[in-house]
Amino acid sequence: MPLFKRKPFDLAKPPEDLEPSDLVYQVRFTKEIFRDYQEYLNRINLYRQRVWMCKSTGKSNLTYEEAMVMEKNAIQKVQQLPNDLVAPALRIIQFSMLSLRDLADLVTKKLQKDLFVGAELYGKKDDGLYPCRVLKIVENGVGKMQYEVALLGENKKITENAILHGEDLVWKKTPFNRKILKSFIRESSCRSIPWVLHEKLAQKHGISTDLPEELRSKFFLQGGQLVNRTKKRKNENRNNVGEANGESGKSKRNKGETGKPDASKEENNQPEDEPVKYPIDDLLVKPGPDDPLFTDRPSPSRDFNVPMDCIGDLLMVWDFCSSFSRVLNLWPFSLEDFENAICHKDSNLVLIVETHSALLRILIKDDGEYSLALQNKKRKSKISLITWTEYVCDFLEMINVTELCSCMTTIKRGHYGLLDANAKLGILRELVCHALETDLIRGKLDDLIEQRRALGATVRGEALEYARKKREEKEQLKGESNGLEVKENSMESTGSNPHMAENGEENGDMVEEVISSRQSNAFVNSRKQLNGQSKRGEKQKLDPKVEAENITNSNEKEAQKQLTGEKKEDQEKKSKEKREQRKEYFKREMEKRSIRTNPLGKDRDYNRYWWFRRDGRIFVESSDSKQWGYYCAKEEVDALMSSLNPKGERERALQQQLEKFYPRISLELQKRSKDLAQKIALEEAVLRRSTRVRAPPRENPANAFLKYVNKWKED
């Protein structure tokens, strides 16, 4: 069973007096039964938390179901251990004081020497290694083990039998590894360090449960459990001290600074709740007194022209055509134009015709199944405005999807525009799925991956180079500072005795040899006084002109230092700006080479949020993908971000992604709002236009899809 915070967890007992007709709630993977829905929900939420640990593998940070599946797989692997090796392994494990890793290594090392009937190894014979299988263990009188083996040929057929010594047999592949042995040790034992086997398992394999002599001084058996003598003695001493003082350890802990017991804890008689470590699962987050004021989440707009159940296909097809527009030779178009074109009833709309033609040309160039089907029908490879529906019908015949094949009669009659939006997007969805499998698109994806890797390597290289330069500058500054300190120290030592500085170290050595230590001190002090008097006398003799020149020189030096410092600051500022520009450049280049569009994240209710770089809106997809909506105003995005609770795992990640792309999202949304305002003003101007004005009205932006021209069309 999975462990809860490294401790065994008891499952809930079934309710008493349960009748067959009673309605109950059952946990799917534990088969626990609850009458109260709130108890069932609390237990499910507990199982969803990542606080569980697999008992067999020791892996933590799992949900209950993940830990249970992992434990089941580990037990299956443990059961693959040969039966002849189980008993020797258990004898090594019983009462061992080694750590789990060292014990697994020891068992591996010892079991590799124990051969058993049926083991497949390599046998040394005639200066060669041959695959073989152990048939029988033979004991000779000397005490060495010999093994009767069958040499194996192709398809593991027995070619001949031979008797070999143990040192002539080499393992082909050990029937166990460290991971399997670790799981085996955990499953077999009920206690660690010293490791104690389960009593029934030890009795089954005839392994002694008596405590070894070397452990009897530290442990003893009580009620079938191994007890540590030192720990028990400490607990007894603590209890005795508490009884002597007239209070228990628990009452001591409940006392405050005044020495009085905490009345609230005594009344409740419950331990303090452990502090919650955020972030946790969003559904487990409870409002706290220190939480900020979260705004209400704005409801997304749902005024789509196409039916709600095909919004996903609409976004997928449009995103693919926009991402691979160069490969498809298809001039990019907006999502709104594509949506309006899908809903339009014209059968030969240019935007729709060019989109189908571009996808069909990719399939023809691939020389795959579709290309062979066209060759069998002897069709030309050039698709025109008149014949494009024939190529679409050939594609539908090839894929043979029942729902789409029913549309072929309408298309052949030339009434493609009369198809509903579901059918149109279904055909385009299948075309995109087949186009993704072509060599041309896959080659483009491989190129994008390589380019992204190259850009990443360049970014890492520049970062390493910048770090190296900074290190060198620090070392250089450190070296200069050390040099200045050495120079100052030398100046101080030589300044105390100018004759030593002038005549060198030899005169100093001679003086030290001639005079004693006391005389030398007196000599140095007298020299200092003389030097001080001479310096003061020189200062008094200096002309005022010389003093003025010295002052001007010092001022010039200070000004020069200030200029050099300002230059350094300017250089650092410019280099920082260049680095920021390079970062922005690499970020833009990586976005240009984006391979796929991933959702920004999920909220507490598992709704997914999508943002497409070629459309300013943020789309919201429900957890069951049946409902869609969008936010198209900056104020709505701000309200959405203010409503997210960072204590939850999903909403925290979503908030981080929104903050990351917020500058670009807000810019796109502001641009979209301006375009929308211009569009509304233009429509009002058309309605209010006087009949006396002869100037023609401006074109309505809503009908821009009717004017679409594919500027990248192949000749």
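Coordinates for the structure precede this section.
Keep in mind that this is a model prediction, so the values were computed, not measured.

### Digging into helix α15 (residues 369–376)
Okay, so step 1: Taken residue by residue, α15 has Tyr370, Ser371 and Leu374 as its buried positions. Take α15 and look down its axis: the buried residues cluster within an arc of 100°, on one side only. Exposed residues lying more than 90 degrees from the buried face of α15 are Glu369, Gln375 and Asn376.
Okay, so step 2: Taken together, the buried residues of α15 touch α14 (350–365) and α16 (388–399).

### Here we look at the environment of His415
Okay, so step 1: Secondary-structure assignment places His415 in the loop between α18 (408–412) and α19 (421–435).
Okay, so step 2: Here the alpha-carbon distance between His415 and Asn348, two residues 67 residues apart in the chain, equals 9.0 Å.
Okay, so step 3: Excluding residues within four positions of it along the chain, His415 makes contact with Ser347 and Thr410.

### Focus on a nonpolar patch on the surface
Okay, so step 1: A surface patch of nonpolar side chains, amounting to about 220 Å² of accessible area, comprises Val117, Ile137 and Met145.
Okay, so step 2: Tracing the backbone shows Val117 in the loop between α4 (100–111) and β6 (120–125).

### A word on the sheet that holds strand β8 (residues 145–152)
Okay, so step 1: Read across the sheet, 5 strands follow the order β9-β8-β7-β6-β10 without closing on themselves; strand pairing throughout is antiparallel. Only two strands of the sheet have a single neighbouring strand rather than two, namely β9 (158–165) and β10 (169–171). Adjacent strand axes in the sheet meet at a mean angle of 45° when their direction is disregarded.
Okay, so step 2: In terms of strand pairing, β6 meets β10 through 3 bridges, oriented antiparallel. Residue pairing for β10: Tyr122 is matched across the bridge by Val170.

### Concerning the sheet that holds strand β2 (residues 7–8)
Okay, so step 1: Spatially, β2-β1-β5 is the arrangement adopted by the 3 strands of the open sheet, whose pairing is antiparallel. A strand with exactly one partner marks an edge of an open sheet, and here the two such strands are β2 and β5 (52–53).

### Some words on empty space enclosed by the protein
One water molecule sets the probe size; rolling that probe over the atoms shows where empty space is left.
Okay, so step 1: Evaluation of the coordinates by the stated rule reveals 1 cavity of 30 Å³ or more.
Okay, so step 2: Estimated volume of the largest cavity: approximately 30 Å³.
Okay, so step 3: Lining the largest cavity, in full, are Ala341, His344, Asp346, Ser347, Leu349, Ile352, Tyr416 and Lys424.
Okay, so step 4: A class-by-class count of the residues in the lining of the largest cavity yields 4 nonpolar, 2 polar and 2 charged.

### So, the layout of surface pockets
Okay, so step 1: A volume near 1200 Å³ is recorded for the largest pocket.
Okay, so step 2: What lines the largest pocket is a set of 28 residues, and nearest its centre among them are Lys5, Gln49, Val51, Val276 and Ile280.
Okay, so step 3: Looking at the lining of the largest pocket, the elements with two or more residues in it are α1 (37–48) and β5.
Okay, so step 4: The element that contributes the greatest number of residues to the lining of the largest pocket is α1, accounting for 5 residues.

### Quick look at the packing of aromatic side chains
Okay, so step 1: Under the counting rule described, the total for this entry stands at 26 aromatic pairs.
Okay, so step 2: Between Tyr47 and Tyr64 the ring centres are 4.5 Å apart and the planes differ by 40°, which places this aromatic pair in the tilted class. On the criterion of sequence distance, the pair formed by Tyr47 in helix α1 and Tyr64 in helix α2 (residues 64–78) is long-range, its members being 17 residues apart.
Okay, so step 3: Among the residues examined, Tyr47 registers a relative accessible area of 2% and is labelled buried.
Okay, so step 4: Aromatic pair Phe333 and Tyr708: ring centres 5.8 Å apart, planes at 85°, arrangement edge-to-face. Pair noted here: Phe333 is in the loop between α12 (325–328) and α13 (335–343) and Tyr708 is in the segment after α26 (649–687), with a separation of 375 residues, a long-range link.
Okay, so step 5: You can call Phe333 buried: its relative accessible area is 9%.

The rules behind these values
- Residues numbered from 1 in each chain as written.
- Predicted model: local features only at pLDDT ≥ 70, side-chain atom pairs only at ≥ 80, totals over all residues.
- Heavy atoms only, no water.
- Buried < 20%, exposed > 50% of the residue type's maximum accessible area, 1.4 Å probe, protein only.
- Helix = DSSP H or I, 4+ residues; strand = E, 2+ residues; numbered from the N terminus.
- Arc of directions from axis to C-beta.
- Contact = heavy atoms within 4.5 Å.
- Patch = residues over 30% accessible without salt bridge, like charges linked within 9 Å, V, L, I, M, F, W, Y side chains within 5 Å.
- Areas by Shrake-Rupley, 256 points an atom, 1.4 Å probe, with all protein chains shown as cover.
- Salt bridge = Lys/Arg side-chain N within 4 Å of Asp/Glu carboxyl O.
- Pairing = 2+ DSSP bridges.
- Axes fitted to C-alpha atoms, helices over the stretch in contact; angles between N-to-C directions.
- 1 Å grid on protein atoms, 1.4 Å probe; cavity = no way out; pocket = protein on both sides within 12 Å on 5 of 7 lines; lining within 4 Å.
- Points joined across faces, edges and corners; volume = space filled by probe spheres on them.
- Nonpolar A, V, L, I, M, F, W, Y, C, P; charged D, E, K, R; others polar.
- Phe/Tyr/Trp six-rings, centres within 6.5 Å; stacked < 30°, edge-to-face > 60°.

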